[in-house]
Amino acid sequence: MKVDGQCHCGAIVYEAEVEPGTTGICHCLDCQQLTGAPFRANIPAPAASFRILKGQPRRYVKTGDSGTKRVHAFCDICGSPVYSCASENPQSYSLRIGALRQRHELGVPARQIWTKRRMPWVSFPAEVAEIEGQPH
């Protein structure tokens, strides 16, 4: 399915192909801090289909406890998160659901990760798979 999105102010516009039903929820501390929310909702887009049509996001590289480096891209005008990806040779981009125009068409999330960090008042339907930490 083709999707398109933009940051809040419209300075960054992009498009990609995604597979409906592959949305993920992350409850890790990084996602909570980077969004200012109790979790982040993402959908993967193959690198071959992801194109920035307007603007250029600012990039922040986060080094995880494992040593893995991950790029977090956001608009340097309005601060809206746009995507995250591997810091070198990304095979896919993790797009932020809230910034996609087609967000209501993507279906129920397939899984949630880092549920051991989930806020106690957050719940999802029983069919959304739960993984306590980082999937392998």
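What counts, and where the lines are drawn
- Residues numbered from 1 in each chain as written.
- Predicted model: local features only at pLDDT ≥ 70, side-chain atom pairs only at ≥ 80, totals over all residues.
- Heavy atoms only, no water.
- Pairing = 2+ DSSP bridges.
- Helix = DSSP H or I, 4+ residues; strand = E, 2+ residues; numbered from the N terminus.
- Axes fitted to C-alpha atoms, helices over the stretch in contact; angles between N-to-C directions.
- Salt bridge = Lys/Arg side-chain N within 4 Å of Asp/Glu carboxyl O.
- Buried < 20%, exposed > 50% of the residue type's maximum accessible area, 1.4 Å probe, protein only.
- Lys, Arg positive; Asp, Glu negative; His and termini not counted.
- Polar contact = N/O pair within 3.5 Å; in protein donor to acceptor, adjacent residues only side chain to side chain.
- Contact = heavy atoms within 4.5 Å.
- Core = buried A, V, L, I, M, F, W, Y, C linked by side-chain atoms within 4.5 Å.

> I would appreciate a short explanation of the sheet that holds strand E2 (residues 13–17) in the present structure.
For sheets, the rule is that strands pair by backbone hydrogen bonds, running either parallel or antiparallel. The three strands are arranged E1-E2-E5 in an open sheet whose pairing can be described as antiparallel. The two strands at the open ends of the sheet, each matched to only one other strand, are strand E1 (2–6) and strand E5 (51–54). With direction set aside, neighbouring strand axes in the sheet form an average angle of 25°. Of the strand pairs in this sheet, E2 and E5 are connected by three bridges, and their pairing is antiparallel. Paired with valine 13 across the bridge in E5 is lysine 54.

> For this particular structure, what's the right way to read the pairing of strand E8 (residues 81–86)?
The side chains of a regular strand alternate between both faces of the sheet. Here strand E7 (residues 69–74) runs beside E8; their pairing, made up of five bridges, is antiparallel. Considered in E8, the bridge of arginine 70 is made with alanine 86. Linking two consecutive strands that pair antiparallel, namely E7 and E8, is a turn of six residues; a positive phi of about 85° is found at glycine 79 within it. Pairing geometry for E8 and strand E9 (residues 92–96), over two bridges, is antiparallel.

> Before we go on, may I ask you to explain the pattern of salt bridges in this structure?
Close approach of charged atoms allows side chains of opposite charge to pair. Counting across every chain of the model gives five salt bridges. Between glutamate 15 and lysine 2 there is a salt bridge; the shortest N-O distance is 3.3 Å. Placement of the pair is glutamate 15 in strand E2 and lysine 2 in strand E1, with a sequence separation of 13 residues. One salt bridge in this structure joins arginine 118 and glutamate 130, with 3.3 Å as the shortest N-O distance. Placement of arginine 118 in the loop between strand E10 (111–113) and strand E11 (129–130) and of glutamate 130 in strand E11 is noted, with a sequence separation of 12 residues between them. Accessibility expressed as a relative area gives 23% for arginine 118, which makes it partly exposed.

> Before we go on, may I ask you to explain the side chain of arginine 96 in this structure?
Locating arginine 96 in the fold gives a position in strand E9. Buried charge without a salt bridge: arginine 96, with aspartate 30 as the nearest opposite-charge side chain at an N-O distance of 10 Å. Of note is the side chain of arginine 96, whose polar atom sits 3.3 Å from the backbone oxygen of serine 94. The residues touching arginine 96, leaving out its near neighbours within four places in the chain, are Tyr14, Arg40, Ala41, Asn42, His72, Pro81, Val82, Tyr83 and Ser84.

> Honestly, the nonpolar core in this entry has me stumped. Any pointers?
Most often, soluble globular proteins have nonpolar side chains that are buried together. Counting residues in hydrophobic clusters, the biggest one holds 21 residues, and the most contacted among them are Tyr14, Tyr83, Leu95 and Leu100. Mapped onto this core, the elements with two or more residues apiece are E2, strand E4 (40–46), E7, E8 and E9. For this core, the element with the most residues is E8, which contributes three residues. In this structure, leucine 100 is in contact with Val3, Asp4, Gly5, Tyr14, Ile43, Leu95 and Leu106, ignoring residues within four places of it in sequence. Membership of the second largest hydrophobic core comes to five residues, among which are Cys26, Cys28, Ile113 and Trp114.

> Whenever I open this one, the sheet that holds E10 confuses me. Can you help?
What the eight strands build is an open sheet, ordered E6-E7-E8-E9-E4-E3-E10-E11; its pairing is mixed. This sheet does not close on itself; its edge strands, each paired only once, are strand E6 (58–63) and E11.

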